[in-house]
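Results of the structural survey
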Amino acid sequence: MLNLQVNIDQNSGFCFGVVYAIEMAEDILQEQPYLYCLGDIVHNDEEVKRLEAKGLKIISYEDLSVIQNEKVLIRAHGEPPSTYETALNNNLELIDASCPVVLKLQNRIKNSHDKEEPIYIFGKHGHAEVKGLLGQTNNEAVVFQDISELDLDTLPRNLTLYSQTTKSTDKFYEIKALLEDKGIAVNSNDTICRQVSNRDKELRHFAKKFDKIIFVAGTKSSNGKVLYNVCKDVNTYTHFISNSEELDKDWFSENDTIGICGATSTPMWLMETIKEVLLTY
Ligand code: SF4
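Residues numbered from 1 in each chain as written. Predicted model: local features only at pLDDT ≥ 70, side-chain atom pairs only at ≥ 80, totals over all residues. Heavy atoms only, no water.

In this structure, Tyr36 sits in strand E2 (residues 35-38). A relative accessible area of 16% places Tyr36 in the buried class. For the pair Tyr36 and Ser60, spaced 24 residues apart in sequence, the C-alpha to C-alpha distance is 9.8 Å. Residues in contact with Tyr36, not counting those within four places in the same chain, are Lys57, Ile59, Ile67, Glu70, Lys71, Val72 and Leu73. (Helix = DSSP H or I, 4+ residues; strand = E, 2+ residues; numbered from the N terminus. Buried < 20%, exposed > 50% of the residue type's maximum accessible area, 1.4 Å probe, protein only. Contact = heavy atoms within 4.5 Å.)

Below is the structure:
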């Protein structure tokens, strides 16, 4: 036996928006045999598999446009107005689990758009939340994930800046400063969710405390990739895995201290399963 000392980071795991969406899905699945969900309910295949076994059916936008008279769950990322229109046309009952933080941001962006402000959104192209935000502006806002995508000389002299909820706070303020240096008046709205904005700092602290780190996330989680790199940066003995089968006993030595952590899309049950496997080594 290797006698590993294993600790799970108590700050890792689902944010409240994801917890709320999953609870809503599970409640409904107790009353009916299946429930459609538009897009992955969470960017974690293991959790999606668990919910699919209970009857959750993940559907695409294409599927949404053809089904009728069904209940469809909207996940935490939120949706653009066009999804609500499709639902109305197809007589679909939407179970709206959009995160309240995202809904508030959608409203703010809609208000800015109504006031005809030039809107710039710091966010990932094509991300579900960003599509929902862009939809509030009739797809007229500019989305950028890196300042280099903007031509600073031709930008409006006054603009309104928003951020996708999961972006880095440091980067957001860097962008704001850069724009202001160029003489642009920025009406900036730091709309980064506090459930994620300090995760990198907390993880940096956590990852330093152990000999080795097991970072658990789905390969589709962009937040997972960022946070894995944060851990790897302070602890070179950091391994990325998506499930317990990917563990390798050869990574560990006798009496190692191990920290298990993950992204905001990593379920706590999965980290606990991984801990149990490590304790058998
Ligand atoms: S990260 Fe924040 S905004 Fe996004 S779903 Fe979770 S709680 Fe809501």
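Quick look at the site of the ligand now. In the vicinity of the ligand, the contacting residues are Cys15, Phe16, Gly17, Ala76, Cys99, Val101, Val102, Thr165, Cys193, Gln195 and Val196. Given that more than half its atoms are within 2 Å of the pocket grid, the ligand belongs to the largest pocket. Those elements giving two or more residues to the shell around the ligand turn out to be helix H1 (16-31), helix H5 (100-114) and helix H8 (194-197). Taken together, the residues of the shell around the ligand sort by class into 8 nonpolar, 3 polar and no charged. (Near = heavy atom within 4 Å. 1 Å grid on protein atoms, 1.4 Å probe; cavity = no way out; pocket = protein on both sides within 12 Å on 5 of 7 lines; lining within 4 Å. Sits in = over half its atoms within 2 Å of the grid points. Nonpolar A, V, L, I, M, F, W, Y, C, P; charged D, E, K, R; others polar.)

Okay, the pattern of salt bridges next. One pass over the structure, following the stated rule, counts 14 salt bridges. For Glu202, the salt bridge identified is with Arg199, shortest N-O distance 3.4 Å. In this pair, Glu202 and Arg199 are both assigned in helix H9 (residues 199-208), 3 residues apart and thus about one turn of the helix distant. Overall, Glu202 belongs to the partly exposed group, its relative accessible area being 34%. With relative accessibility at 3%, the residue Arg199 sits in the buried group. A single network of salt bridges, built from pairs that share partners, joins Glu26, Glu47, Arg50 and Lys54. (Salt bridge = Lys/Arg side-chain N within 4 Å of Asp/Glu carboxyl O.)

This part covers the pairing of E2. Both faces of E2 are covered, namely the face carrying Leu35 and Cys37 and the face carrying Tyr36 and Leu38. In this structure, E2 lies alongside strand E3 (residues 56-59), joined through 4 bridges in parallel fashion. When the sheet's bridge partners are listed, Tyr36 is paired in E3 with Lys57. Read from E2 through helix H2 (residues 45-53) to E3, the crossover connection turns out right-handed. Note that E2 and strand E4 (residues 71-74) share 3 bridges and pair parallel. Across the sheet, residue Cys37 finds its bridge partner in E4, namely Leu73. (Pairing = 2+ DSSP bridges. Right-handed = clockwise from strand over helix to strand, strands pointing away.)

This part is about the packing of H5 against helix H6 (residues 128-135). Where H5 meets H6, the closest approach of the two axes is 8 Å, and the angle between their N-to-C directions is 35°. The handedness of the crossing between H5 and H6 is right-handed. When H5 is examined against H6, the residues Val102, Leu105, Gln106 and Ile109 are found in contact with a partner set consisting of Glu129, Gly132 and Leu133. Residues belonging to the contact of H5 with H6 are distributed by class as follows: 4 nonpolar, 2 polar and 1 charged. (Axes fitted to C-alpha atoms, helices over the stretch in contact; angles between N-to-C directions. Left-handed = near helix turned anticlockwise from the far one by under 90°.)

Estimated volume of the largest pocket: approximately 1000 Å³. Along the walls of the largest pocket sit 41 residues, with Gln164, Thr166, Lys167, Ser222 and Asn223 positioned nearest its centre. Sorting the residues of the lining of the largest pocket by element identifies H1, H5, helix H7 (169-181), H8, H9 and helix H10 (222-234) as the ones contributing at least two each. Here the residues of the lining of the largest pocket sort into 14 nonpolar, 17 polar and 10 charged. (Points joined across faces, edges and corners; volume = space filled by probe spheres on them.)

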